[in-house]
Amino acid sequence: MGKQRVAQLEYSEFQSAMLDEGKRRRKAAKIIAVLEHFRGPLGGLTVGDVGCSAGFIADELAQAGAKHTLGIDIDVPGLRRAADRFGERVAFVCGDGTALPFPDGSVDVLVFNHIYEHVVDPDAVVAEMHRVLSDTGVLYLGLGNRLGVMEPHYKLPFLSYLPPALADRYVRAFGRADNYYERFRTRRGLRRMLRAFHVWDYTFPVLATPGRFAGGELFPGALGRVAQAVLARTPRELLRLLLPLVPTYLWVATKTPRRPAGAALPQPPERVRPL
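The shown structure was predicted, so the numbers you read here are calculated from the model rather than taken from an experiment.

A. Quick peek at the overall build of the protein chain. Across its full length, the protein chain carries ten helices and eight strands. Expressed along its principal axes, the backbone C-alpha trace of the protein chain runs to roughly 45 × 40 × 40 Å. Sorting the 275 residues of the protein chain into buried and exposed places 49% on the buried side. Counted over contacts in the protein chain with a minimum sequence separation of 6, partners at least 24 positions apart contribute 72%. Only carbon and sulfur atoms are counted for the fraction: they give 57% of the accessible area of the protein chain, which is about 12800 Å². Once the 37 positive and 28 negative side-chain charges of the protein chain are each reduced to a mean point, those two points are 8 Å apart.

So this is what it looks like as structure tokens:
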């Protein structure tokens, strides 16, 4: 598989995290909180979740007030589960992200959460999302960083640093998989991937004020509260030095220049410099 990647069909059948309802709904709460801070409530909007799988995040988007909610994936078993449970309020579509079945400029909000590393051609998917997003629309992105030390799917340190052949041997040696499918990019590569958009970075705002973004579980216990307080007070110049190694970036992107509409934060969102 190393040189010729094929689409990951039926992803929910071998990745149990996609069926962890509690975790997926907590992720959705964070996504919605970020979107509402950036652009306001979702009421009356057309919202799409690209890579929706079993539909928990799409369902939360619908319950947040979206007028039309769309879930798009190639994961047929996941889509069946989603349609059975949430089909009355979400329209689920079996579709490839490189050819989204929507007219130009027809979607107000798109969610693309931890999906890019799984698709064969993420640049083509990003181009399609740019096409279907309205001129005033907003794209939420959860983006894994290749230079994050602990690989998030297989929990092996430095796995994503390795070339494909060595990564395959690594996951096999620890009995995690037959091959390492995922392909992460560095922060610079992600900036290049989003070069057609205007991008704001919400990574440090969410980490420094997790309660504001429905992410209290990020910092459990007393030690977590100390970590949160330190992040909230650390000069941004120092935090920027950590950016190349942050494991996950939370970005919001628009087709035309916009600024976050929400209240001031201890660590405010910052523009991501385009390449």
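Right, picking up where we left off after that structure.
B. Representation of the nonpolar core in the model. In terms of nonpolar packing, the biggest core is built from 43 residues, with Phe-112, Met-129, Leu-139 and Leu-194 touching the most fellow members. Mapped by element, the contributors of at least two residues to this core are β2 (68-73), β4 (107-113), α5 (122-132), β5 (133-144), α6 (164-173), α7 (187-193), α8 (203-208) and β7 (248-254). Not counting residues within four places of it along the chain, the set of residues in contact with Phe-112 comprises Val-50, Val-125, Met-129, Leu-139, Tyr-140, Leu-141 and Gly-142. Counting 24 residues, the second largest nonpolar core, distinct from the first, contains Ile-31, Val-109, Trp-200 and Phe-213.

Criteria and thresholds
- Residues numbered from 1 in each chain as written.
- Predicted model: local features only at pLDDT ≥ 70, side-chain atom pairs only at ≥ 80, totals over all residues.
- Heavy atoms only, no water.
- Helix = DSSP H or I, 4+ residues; strand = E, 2+ residues; numbered from the N terminus.
- Buried < 20%, exposed > 50% of the residue type's maximum accessible area, 1.4 Å probe, protein only.
- Contact = heavy atoms within 4.5 Å.
- Areas by Shrake-Rupley, 256 points an atom, 1.4 Å probe, with all protein chains shown as cover.
- Lys, Arg positive; Asp, Glu negative; His and termini not counted.
- Charge placed at Lys NZ, Arg CZ, Asp CG, Glu CD.
- Core = buried A, V, L, I, M, F, W, Y, C linked by side-chain atoms within 4.5 Å.

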